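Below are the chains, spelled out letter by letter.
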Amino acid sequence: DLEHIKGVVDGMRDHNIPQDVQYADIDYMERQLDFTLNRHKFAGLPAYFRQLQDEGMKIIIILDPAISKNETNYPAWDNGVEMDVWIKDSDQTGPAYGKVWPEYADEFLPGKMANASWDFQVANYRSLVGFPDFFKTSTHNW
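*Asks:* Explain helix 3 (residues 75–83) to me, using residue names and the numbers behind them.
*Replies:* Residues spaced three or four apart along an α-helix point in a common direction, a consequence of the helix completing one turn every 3.6 residues. For helix 3, the complete set of buried residues consists of Ala76, Trp77 and Gly80. For helix 3, the arc enclosing every buried residue in end-on projection is 95°, short of the 170-degree limit, so these residues lie on one face. Backbone geometry just downstream of helix 3 places aspartate 84 in the positive-phi region, at approximately 55°.

Okay, here's the thing in structure tokens:
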């Protein structure tokens, strides 16, 4: 959460350890959906990162190149379809799909998967995703 990130920065300063970069991994996102922010755990993150930038620090936010197609009204997916940014399937008719996070919003139950195999979890609790083709001009515009 945001307090953890602040604690890292404060700890570096308290121990006089030089720091010129701070990053946030994908847990800052809502359900690990690119271009979203978990407003419960990371409320205030944009303002805090602007403050750090004003102090001269560089900021890196991790983006995952797997965009969920299981969402309703998700601009990252919808715009990608409109702009034809996806790596194509073998017959070039549509996006090539994979499975990865985010979890389905209504199906992630921590205790439910405790003894489930990796294959079972991927097959049953991960979103179908498309992968942007970064060699396409449309992807750069996206």
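On we go from here.
*Asks:* Which residues make up the pairing of strand 1 (residues 21–24), and what values go with them?
*Replies:* Covered by surrounding structure in strand 1 are Gln22 and Ala24 only, the residues Val21 and Tyr23 on the alternate face being uncovered. Summarising the sheet, strand 1 and strand 2 (residues 58–61) pair through four bridges and their orientation is parallel. Within the sheet, the bridge partner assigned to glutamine 22 lies in strand 2 and is isoleucine 59. Considered for its hand, the β-α-β crossover made up of strand 1, helix 2 (residues 45–54) and strand 2 is right-handed.

*Asks:* Requested: an account of unusual backbone geometry, with residues and values cited.
*Replies:* One non-glycine residue, aspartate 84, lies in the positive phi region at around 55°. For glutamine 92, which is not glycine, the phi torsion reads 65° and is therefore positive.

Conventions and cut-offs
- Residues numbered from 1 in each chain as written.
- Predicted model: local features only at pLDDT ≥ 70, side-chain atom pairs only at ≥ 80, totals over all residues.
- Heavy atoms only, no water.
- Buried < 20%, exposed > 50% of the residue type's maximum accessible area, 1.4 Å probe, protein only.
- Helix = DSSP H or I, 4+ residues; strand = E, 2+ residues; numbered from the N terminus.
- Arc of directions from axis to C-beta.
- Pairing = 2+ DSSP bridges.
- Right-handed = clockwise from strand over helix to strand, strands pointing away.

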